Amino acid sequence: MSEPRVDVVLKIGGSVITDKKNELAARTQEINRIAQEIQRADLRDLIVVHGGGSFGHPYAQRYRLKEGLKEESQKVGFSETHHVMTVLNGLVMDALVWHGVQAVSITPSSCLVTEGGRIKDFADAPLRKYLSMGFMPVLYGDAVLDTKLGFTVLSGDQLISYLASKFHAKRIVVGVDVDGVYESDPKTDHSSPLLKELDLQDLRKLQVKFGKPTSSDVTGGMPGKLIELVPAVEQGILVTVVNATKPSYVEKALKGDTVEGTIIKKG
Ligand code: ADP
């Protein structure tokens, strides 16, 4: 089967659609606004991935899911983590569908397995068929089965890079709660400069500077995102990191209009 074309892969950060300070706190107004922006951008060949924020992360952390299955008592944690992600995904789907977007939810834990935390088998026939029929697949960070670990946590960031590479997307748009990539975390270093343009070399230098992600976020915050994005950038996919909490930024970025943020390109 020939690969369907994908124009853009959009990531909506968990930091945007949930309040990370409060467990299970969805920002329904933000979810609605972003759904409207997606509808207005009117793109065909778009895949949307959203993060877990205060839904997935606290549960995944509580049960140490990322490290894999070590004791039976974690299994209920796997169920809880996956379940709360389906609840958040339901809210996102609700907003998209009632704004007239022909979006269809695809559950990562039901169609893919990782090996040592990396996507290995992805039964993507339905996703490809949806794409070729003009549907908009919506995926999310999830608790997933793993051939070596038993189970683990799959980040939305790994998913976007994987999907964009696999389907030769032209662009990735990453919506977060800050204005782009900074030299250091803008929430703790208020004078840190925004990096408006990065190439592959800059990205590698930044990785060395950031070191291993230390964020309490199970999927690594911005440093974790940049690590995941490297293979996609290597493939020539253009990445735009924008502040999705600012109205119309996601819409503009989806349309390819100029918008404040960070552009990451191969060279
Ligand atoms: P999301 O959950 O929306 O995917 P994350 O919370 O995982 O996003 O990552 C975004 C967060 O990363 C920002 O809110 C910011 O506090 C943090 N961060 C750490 N280092 C940086 C940096 N150098 N540039 C921008 N943000 C950074």
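Up top is the structure these notes are about.
Anyway, here's the lowdown on the structure attached to this text. (Residues numbered from 1 in each chain as written. Predicted model: local features only at pLDDT ≥ 70, side-chain atom pairs only at ≥ 80, totals over all residues. Heavy atoms only, no water.)

## Re the pairing of strand β12 (residues 262-265)
Step number 1: By the alternation rule, side chains of β12 split into T262 and I264, which are all buried, and I263 and K265, of which none is buried.
Step number 2: Here strand β10 (residues 197-199) pairs with β12 via three bridges, running parallel. Bridge pairing links E197 to I263 in β12.
Step number 3: Direction of pairing for strand β11 (residues 238-243) relative to β12: antiparallel, over a ladder of three bridges. In the strand pairing of β12, T240 is matched with I263. (Buried < 20%, exposed > 50% of the residue type's maximum accessible area, 1.4 Å probe, protein only. Helix = DSSP H or I, 4+ residues; strand = E, 2+ residues; numbered from the N terminus. Pairing = 2+ DSSP bridges.)

## Details of helix α9 (residues 221-234)
Step number 1: For α9, spanning 14 residues, the distance from its first C-alpha to its last is 21 Å, which sits close to the expected 20 Å at 1.5 Å a residue.
Step number 2: A maximum bend of about 35 degrees is found in α9 at E228, where proline P231 lies one to four positions downstream.
Step number 3: Taken together, the buried positions of α9 are G221, M222, G224, K225, L226, E228, L229, V230, A232 and V233.
Step number 4: Directly after α9, the chain includes G236, whose backbone phi takes a positive value near 95 degrees. (Expected span 1.5 Å × (residues − 1). Bend = angle between axes of the 7 residues up to and from the residue.)

## Concerning the site of the ligand
Step number 1: Taken together, 20 residues lie around the ligand, and S15, K20, D177, K187 and K225 are the ones closest in.
Step number 2: K11 places a polar side-chain atom, nitrogen or oxygen, 3.1 Å from an oxygen atom of the ligand.
Step number 3: At 2.8 Å, a backbone N or O of Y182 approaches a nitrogen atom of the ligand.
Step number 4: Elements that contribute at least two residues to the shell around the ligand include exactly α1 (14-17) and α9.
Step number 5: Residue contributions to the shell around the ligand peak at four residues, all from α9.
Step number 6: Taken together, the residues of the shell around the ligand sort by class into seven nonpolar, six polar and seven charged. (Near = heavy atom within 4 Å. Polar contact = N/O pair within 3.5 Å; in protein donor to acceptor, adjacent residues only side chain to side chain. Nonpolar A, V, L, I, M, F, W, Y, C, P; charged D, E, K, R; others polar.)

## Considerations on the sheet that holds strand β5 (residues 118-122)
Step number 1: The mixed open sheet is built from four strands, whose spatial order is β5-β4-β7-β8. Looking at which strands have only one partner, the edges of the open sheet turn out to be β5 and β8 (150-154). Strand-to-strand twist across the sheet, computed as the mean angle between neighbouring axes with direction ignored, equals 50 degrees.
Step number 2: Of the strand pairs in this sheet, strand β7 (residues 142-146) and β8 are connected by five bridges, and their pairing is antiparallel. Bridging across to β8, D142 finds its partner in L154.
Step number 3: Of the strands in this sheet, β7 and β8 touch helix α4 (residues 75-98), which is tilted by about 135 degrees from β7. (Axes fitted to C-alpha atoms, helices over the stretch in contact; angles between N-to-C directions. Contact = heavy atoms within 4.5 Å.)

## Focus on the sheet that holds strand β2 (residues 46-50)
Step number 1: The strand order β3-β6-β2-β1-β9-β11-β12-β10 describes an open sheet built from eight strands, whose pairing is mixed. Every other strand in the sheet has two partners, leaving β3 (103-105) and β10 as the edge strands with one partner each. Direction aside, neighbouring strands of the sheet carry axes that sit 20 degrees apart on average.
Step number 2: Both strand β1 (residues 8-12) and strand β9 (residues 171-176) contribute to a ladder of five bridges, which runs parallel. Counterpart to V8 in the pairing with β9 is R171.

## Looking at the pattern of salt bridges
Step number 1: Enumeration over the complete set of coordinates arrives at 23 salt bridges.
Step number 2: K246 serves as the salt-bridge partner of D179, at 3.1 Å between the closest nitrogen and oxygen. Of this pair, D179 sits in the loop between β9 and β10 while K246 is found in the loop between β11 and α10 (249-255), placing the two residues 67 residues apart along the sequence.
Step number 3: Its relative accessible area of 27% is what places K246 among the partly exposed residues.
Step number 4: Notably, a salt bridge pairs E234 with R204, separated by 2.5 Å at the nearest N-O pair. Pair noted here: E234 is in helix α9 and R204 is in helix α8 (residues 200-210), with a separation of 30 residues, a long-range link.
Step number 5: Under the relative-accessibility criterion, R204 is labelled partly exposed at 40%.
Step number 6: Ionic contacts of the salt-bridge type, sharing partners, join the residues R64, E67, K70 and E71 into one network. (Salt bridge = Lys/Arg side-chain N within 4 Å of Asp/Glu carboxyl O.)

## Things to note about the packing of helix α2 (residues 28-41) against α4
When two helices pack together, their arrangement is given by the angle between their axes and by how far apart the axes lie.
Step number 1: Closest axis-to-axis distance for the α2/α4 pair is 8 Å, and the angle between their directions is 50 degrees. Considered as vectors, α2 and α4 are oriented oblique to each other. With respect to the hand of their crossing, α2 and α4 are arranged in right-handed fashion. Residues I31, N32, A35 and I38 of α2 lie in contact with α4, whose contacting residues are L88, L91, V92, A95 and L96.
Step number 2: Taken together, the residues of the contact of α2 with α4 break down into eight nonpolar, one polar and no charged. (Parallel < 35°, antiparallel > 145°, perpendicular 65-115°, else oblique. Left-handed = near helix turned anticlockwise from the far one by under 90°.)

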